[in-house]
Amino acid sequence: VVVSEFLVVATSRLVLVIALFLVIERVTRSERAASFATIVYVCSPQFYSFNSAYSYQTVAIAFGAAAVYLLLRAGDGDHRRSWTTLSVLAIAGTTVSHHIVGWITVAFVVVWSIVLQRESRRTPELSTRAIAVREAAVLGVVISAIWTASASGVLFPYVSSIFSNGWNSLEGLVAGRTSHRTLFTSAT
């Protein structure tokens, strides 16, 4: 069990770091910028606490980052269908691993699809990328909706308590009933 935990976390973190580097490299067209951004992330407390646990979000975040990179590859035009399929599988892996990370990933892909669709009207060379991202967005929404519906009996009581507590905290803050709290520190 311990070896399995180690392998899952190590593999997830490796996929996350590689995908993060590759996405940033593609967006900035700079290996230096990608290296710097990846080093900054790897040195953050987020990487050593939240993304190092043997937990479902560790796997989901890696799947989500991989999905974004695979969609970037799909937009290159070479083997578009294969890269899009792999990306949709990564989105499915994200969704099945962690509902919230899955929906955040799908929302990102939907927004990306809308932006690309608009930009492809002005820049026709973006049309291949727009098609790939649109297909992944539609399938991502369908997969996430089906998975959310199938797990709604467990999911909604869990998520509703989180949102309820958050809403109550926000109301208390706005109404002045909550004492001042320093951001990014534990309440204890």
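Reading guide: rules and limits
Residues numbered from 1 in each chain as written. Predicted model: local features only at pLDDT ≥ 70, side-chain atom pairs only at ≥ 80, totals over all residues. Heavy atoms only, no water. Helix = DSSP H or I, 4+ residues; strand = E, 2+ residues; numbered from the N terminus. Buried < 20%, exposed > 50% of the residue type's maximum accessible area, 1.4 Å probe, protein only. Phe/Tyr/Trp six-rings, centres within 6.5 Å; stacked < 30°, edge-to-face > 60°. Axes fitted to C-alpha atoms, helices over the stretch in contact; angles between N-to-C directions. Left-handed = near helix turned anticlockwise from the far one by under 90°. Contact = heavy atoms within 4.5 Å. Nonpolar A, V, L, I, M, F, W, Y, C, P; charged D, E, K, R; others polar.

Chemist: Is there a simple way to think about the environment of V9 in this case?
Modeler: Mapped onto the secondary structure, V9 falls in helix α1 (residues 2-28). For V9, a relative accessible area of 11% puts it in the buried group. Between the alpha carbons of V9 and Y56 there is a distance of 9.9 Å; along the sequence they are 47 residues apart.

Chemist: Can you help me understand the packing of aromatic side chains in this one?
Modeler: Think of a pair of aromatic rings as described by two things: how far the centres are apart, and how the planes are tilted against each other in angle. Tallying each qualifying case throughout the model produces one aromatic pair. Centre to centre, the rings of F108 and W112 are 5.8 Å apart; their planes meet at 45 degrees, and the pair counts as tilted. Remark: W112 and F108 occur in helix α6 (residues 99-122); sequence separation between them is four residues, near one turn of the helix.

Chemist: Hey, could you run me through the packing of helix α4 (residues 56-74) against helix α7 (residues 127-150) in this one?
Modeler: Helices that pack against each other are described as a pair by the angle of their axes relative to one another and the distance between those axes. Where α4 meets α7, the closest approach of the two axes is 8 Å, and the angle between their N-to-C directions is 145 degrees. α7 is crossed by α4, and the crossing has right-handed handedness. Listed contacts from α7 to L71, L72 and A74 of α4 are T128, R129, A132, V133 and A136. A per-class count over the contact of α4 with α7 returns six nonpolar, one polar and one charged.

Chemist: Sorry, what's going on with unusual backbone geometry here?
Modeler: Negative phi is the rule for most residues except glycine; trans is the rule for most peptide bonds. The residue R29 is not glycine, and still its phi comes out positive at about 60 degrees. The topology assignment puts R29 in the loop between α1 and α2 (31-42).

Chemist: Would you mind going over the packing of α1 against α4 with me for this structure?
Modeler: In contact at an axis separation of 8 Å, α1 and α4 are set at 35 degrees when each is read in the N-to-C sense. Judged by the sense of rotation from one axis to the other, the crossing of α1 with α4 is left-handed. When α1 is examined against α4, the residues V8, S12, V15, L16, A19, L22, V23 and R26 are found in contact with a partner set consisting of T58, V59, I61, A62, A65, A66, V68, Y69, L72 and R73. Here the residues of the contact of α1 with α4 sort into 14 nonpolar, two polar and two charged.

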